[in-house]
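Close look at the chain arrangement
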Amino acid sequence: MDGMKVAALIPFRTEARILPTCMASLKGVADVIIGMDDGSEDGSGDIVRAAGGIVISTGNTVSGFSQGKEKAMRQSLLEEARGAGCTHFFAIDGDEAVT
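What comes next concerns the included structure.

What counts and what doesn't
Residues numbered from 1 in each chain as written. Predicted model: local features only at pLDDT ≥ 70, side-chain atom pairs only at ≥ 80, totals over all residues. Heavy atoms only, no water. Salt bridge = Lys/Arg side-chain N within 4 Å of Asp/Glu carboxyl O. Helix = DSSP H or I, 4+ residues; strand = E, 2+ residues; numbered from the N terminus. Buried < 20%, exposed > 50% of the residue type's maximum accessible area, 1.4 Å probe, protein only. Pairing = 2+ DSSP bridges. Axes fitted to C-alpha atoms, helices over the stretch in contact; angles between N-to-C directions. Contact = heavy atoms within 4.5 Å. Right-handed = clockwise from strand over helix to strand, strands pointing away.

As a working rule, side chains carrying opposite charge can pair if their charged atoms are close by. With the rule as written, the count across this model stands at three salt bridges. Salt-bridge contacts for Arg74 lead to Glu70; the nearest nitrogen and oxygen are separated by 3.7 Å. Of the two residues, Arg74 and Glu70 both sit in helix 3 (residues 69-83), four residues apart, roughly one turn of that helix. Here Glu70 falls in the partly exposed class, since its relative accessible area comes to 40%. For Arg74, the salt bridge identified is with Asp93, shortest N-O distance 3.6 Å. Taken together, the positions of Arg74 in helix 3 and Asp93 in the segment after strand 4 (88-91) put the pair 19 residues apart, joining distant regions of the chain. Members of the salt-bridge network, linked through shared partners, are Glu70, Arg74 and Asp93.

The following block contains the structure:
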């Protein structure tokens, strides 16, 4: 499809152990990788950046899934991707891989 730009949207927290597998699986699938770091302390964000991804942070502005944290994170990821000119989006957790 002409003009299609695909973004992988990845919420993550402390996923350094598995993120390299996730990042490798996105090659040839996503044009843009955007991750949202939810307070990692293990260098997870550095792994996403090293793979060419963009990392944004929750900034601890929302707490608890019952208070809409997951929705707020996904919305922020989507807005960032739209700002990067992406036309198609898919969400994948940091501990998953495209197969």
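Text resumes after the structure shown.
Let us now look at the sheet that holds strand 2 (residues 32-37). Across the sheet, which stays open at both edges, the four strands sit in the order 3-2-1-4 with parallel pairing between neighbours. Lying at the two open borders of the sheet, with one neighbouring strand each, are strand 3 (54-57) and strand 4. Across the sheet, the mean angle separating the axes of adjacent strands is 25 degrees when strand polarity is ignored. Strand direction decides the pairing type here: strand 1 (residues 6-12) and strand 4, joined by four bridges, are parallel. Looking at strand 4, one finds that Ala8 is bridged to Phe90. Sitting on the sheet, helix 3 touches strand 1, strand 2, strand 3 and strand 4, and the angle it makes with strand 1 is about 150 degrees.

Looking at chain direction, strand 2 and strand 3 are connected through four bridges and run parallel. Residue pairing for strand 3: Gly35 is matched across the bridge by Val55. Considered for its hand, the β-α-β crossover made up of strand 2, helix 2 (residues 44-50) and strand 3 is right-handed.

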